[in-house]
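# A look at the structure
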Amino acid sequence: MMIEISTSGGFGGLQAAGMTKLATVEDLPQPEHDRICAAFAPSALAEIAGKAPPAGRADTITYDITVTDDSGAHHFKLDETQIPPTMLDMIDALPRKR
């Protein structure tokens, strides 16, 4: 599984906006591999995407997440308020694309 994440939006000057990360989970140690595969499984992301972001949010970051697995590429566009905090921590830990 390969995960590519790019961000846009957010409050000006935040380091999280405008970044791109790329990870191939096969390169990760087994416990981390299993945790990330479960969190970024297309079915898990589709469930998150199905929940509407809360109203009244301003200056939020949008995450464009593409997961490529054996069945192809799956694209999701999520508002930071839709993503659970534990998943945001996982995203922070992924390597930046060079």
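Everything that follows concerns the structure shown earlier in this document.
Here the structure is a predicted model, which means the values were calculated and not measured.

### Considerations on the nonpolar core
- Membership of the largest hydrophobic core comes to 24 residues, with the highest contact counts inside it found for I3, I5, F40 and I65.
- When residues of this core are traced back to their parent elements, those giving at least two are strand 1 (2-9), helix 1 (30-39), helix 2 (42-49), strand 3 (61-69), strand 4 (72-79) and helix 3 (85-93).

### Things to note about the side chain of T60
- With respect to the secondary-structure elements, T60 resides in the loop between helix 2 and strand 3.
- On the basis of relative accessibility, which here comes to 17%, the residue T60 falls in the buried class.
- A distance of 2.9 Å separates the side chain of T60 from the side chain of D79, its partner in a polar contact.
- When near neighbours in sequence (up to four residues on either side) are disregarded, T60 contacts S8, G9, G10, D79, E80 and T81.

### A short note on the sheet that holds strand 3
- If you trace the four strands from one edge of the open sheet to the other, you get 2-1-3-4, paired in antiparallel fashion. This sheet does not close on itself; its edge strands, each paired only once, are strand 2 (20-24) and strand 4. Strand after strand, the sheet turns through a mean of 15° between neighbouring axes, direction not considered.
- Both strand 1 and strand 2 contribute to a ladder of five bridges, which runs antiparallel. Across the sheet, residue E4 finds its bridge partner in strand 2, namely L22.
- Helix 2 contacts strand 3 and strand 4 of the sheet and is inclined by roughly 30° relative to strand 4.
- Sitting on the sheet, helix 3 touches strand 1, strand 2 and strand 3, and the angle it makes with strand 2 is about 90°.

### Some details on the pattern of salt bridges
- According to the stated counting rule, one finds one salt bridge in the structure shown.
- With a closest N to O distance of 3.5 Å, K77 and D64 form a salt bridge. Here K77 is found in strand 4, whereas its partner D64 is found in strand 3, with 13 residues between them in sequence.
- Relative accessible area serves as the criterion here: at 57%, K77 is assigned to the exposed category.

### Details of the side chain of Q82
- Following the sequence through the fold, Q82 ends up in the loop between strand 4 and helix 3.
- Judged by its relative accessible area of 15%, Q82 is buried.
- Here the side chain of Q82 touches K51 through a polar contact of 2.6 Å, landing on its backbone oxygen.
- At a separation of 2.8 Å, a polar atom in the side chain of Q82 contacts the main-chain amide nitrogen of D79.
- Apart from residues lying up to four places away in sequence, Q82 is in contact with I48, A49, K51, A52, P53 and K77.

Criteria and cut-off values
- Residues numbered from 1 in each chain as written.
- Predicted model: local features only at pLDDT ≥ 70, side-chain atom pairs only at ≥ 80, totals over all residues.
- Heavy atoms only, no water.
- Core = buried A, V, L, I, M, F, W, Y, C linked by side-chain atoms within 4.5 Å.
- Buried < 20%, exposed > 50% of the residue type's maximum accessible area, 1.4 Å probe, protein only.
- Helix = DSSP H or I, 4+ residues; strand = E, 2+ residues; numbered from the N terminus.
- Polar contact = N/O pair within 3.5 Å; in protein donor to acceptor, adjacent residues only side chain to side chain.
- Contact = heavy atoms within 4.5 Å.
- Pairing = 2+ DSSP bridges.
- Axes fitted to C-alpha atoms, helices over the stretch in contact; angles between N-to-C directions.
- Salt bridge = Lys/Arg side-chain N within 4 Å of Asp/Glu carboxyl O.

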